[in-house]
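Inside the fold
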Amino acid sequence: MNYPVRARTSFAADLHAGLALTRRSVSPKYFYDDIGSRLFEQICELPEYYPTRSELGLLRAHAAEMAECMGPRAQLIEYGAGALRKVRFLLDRLESPQAFVPLDISGAHLLAACDELQQDYPALCIAPVVADFTQPHDLPPRPAPGSGGRRVGFFPGSSIGNFTPEEAQDFLRMAAQELRGGGLLIGIDLIKDPAVLHAAYNDAAGVTAAFNLNLLERARRELGAEFDADGFFHSAFYNAPLQRIEMHLMSRRRQALLLDGVPYQFDAGQTLHTENSYKYSVAGFQAQAARAGFRPGPVWTDEREWFGLLWLQS
Ligand code: AVJ
């Protein structure tokens, strides 16, 4: 395994900037410290949270066709790697992959997952990159021109749902360049009954609430932020006109959150917006990807059409 490439993040600077806005917000990428990454894995097991199960079902059933799209000797880039569970279905079917390159912002988590993967795939070249993949990042060199292998991408979990349409476009344009001559296998959460969506982000066990609140707890742990532990609560709802779930941390009362000595006043009911999770139609997403330089390819969806995996040719 190669030595990972390190990148810095700036939680403190971004949190200050987000708290200074009229509509306070912070990037959901800051959910994923070690505790947050673990909570997210718990979310994926929840009965109400269908995306992970739906996508795993699609991978189980169709990984051979997906691997076929990627071709032999592929260099497989995974954007936002997490626990590295889903990619195993592809690795089991890929013909002599050249390398597997998982990118993730959570370093400790990524390296632990790579160690585990390496044990089960001892011959696989794993080259992890600790980086925010929305920012310029290093990658290993492309497969040699004569090798017949292509650089291909895997972006599962509907992680692209966290991006605004403009950010999604930026990502797709970057990926189309980075993966030119190959393609991208991407998971998207599909537009559906809002009641189903609501339940997925308001689970009965309260894991999603803990995941959301961990963002503030992380600010307390890492940045020394001061606030009442019970001063904020989890709020998640479907914004139908914008086709997205919104998650917020809502203040129960008038109070101040203190960050580096700066007091940020919250009124009762005022929120810190922590996440958007956009839902797409297959045709709508393909049209957007086409504007970024991808040609639409095969599509796999579950029976209820709740989740889709799309192959996009670059
Ligand atoms: C990892 C962004 C796909 O939007 O469903 C799950 C994150 N947030 N529950 C999603 C999440 C609350 C998840 N993504």
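Residues numbered from 1 in each chain as written. Predicted model: local features only at pLDDT ≥ 70, side-chain atom pairs only at ≥ 80, totals over all residues.

Scanning the protein from terminus to terminus reveals nine helices and twelve strands. Taking 20 Å as the expected radius of gyration for a compact globule of 314 residues, we find that the protein reaches 20 Å, a close match to that expectation. If one aligns the C-alpha atoms of the protein with their principal axes, the spans along those axes are about 65 × 45 × 35 Å. Classification of the 314 residues of the protein by burial places 42% in the buried group. Pairs at least 24 residues apart make up 73% of the contacts formed inside the protein by residues separated by at least 6 positions. (Helix = DSSP H or I, 4+ residues; strand = E, 2+ residues; numbered from the N terminus. Rg over C-alpha atoms; globule rule 2.2 N^0.38 Å. Buried ≥ 20, exposed ≤ 12 C-beta atoms within 10 Å, placed from the backbone. Contact = placed C-beta atoms within 7 Å.)

Moving on, we get to the site of the ligand. Around the ligand lies a shell formed by Ile43, Pro51, Gly157, Ser158, Ser159, Gly161, Asn162, Tyr201, Thr208, Phe211, Glu275 and Ser277. Mapped onto the shell around the ligand, the elements with two or more residues apiece are helix H8 (207-223) and strand E10 (271-278). Among the residues making up the shell around the ligand, the classes are represented as four nonpolar, seven polar and one charged. (Near = placed C-beta within 6 Å. Nonpolar A, V, L, I, M, F, W, Y, C, P; charged D, E, K, R; others polar.)

Turning our eyes to something else, we now look at the sheet that holds strand E1 (residues 75-79). Taken in spatial order, the seven strands line up as E3-E2-E1-E4-E5-E12-E11 in an open sheet, and their pairing is mixed. One side of each edge strand has no neighbouring strand; the edge strands of this open sheet are strand E3 (129-130) and strand E11 (295-301). Sheet analysis places E11 next to strand E12 (residues 307-313), joined by five bridges and oriented antiparallel. Paired with Arg295 across the bridge in E12 is Gln313. Packing of helix H9 (residues 282-291) onto the sheet brings it into contact with strand E5 (183-189), E11 and E12, and relative to E12 it is tilted by some 25°. (Pairing = 2+ DSSP bridges. Axes fitted to C-alpha atoms, helices over the stretch in contact; angles between N-to-C directions.)

What follows deals with the sheet that holds strand E6 (residues 232-239). Taken in spatial order, the three strands of this open sheet run E6-E7-E10, and their pairing is antiparallel. What marks the edges here is a single partner per strand, and that holds for E6 and E10. Geometrically, the sheet is characterised by an average inter-axis angle of 20° between neighbouring strands, direction not taken into account. Where E6 meets strand E7 (residues 244-251), eight bridges bridge the pair, whose relative direction is antiparallel. Opposite Phe237, over in E7, you have Glu246 as the bridge partner.

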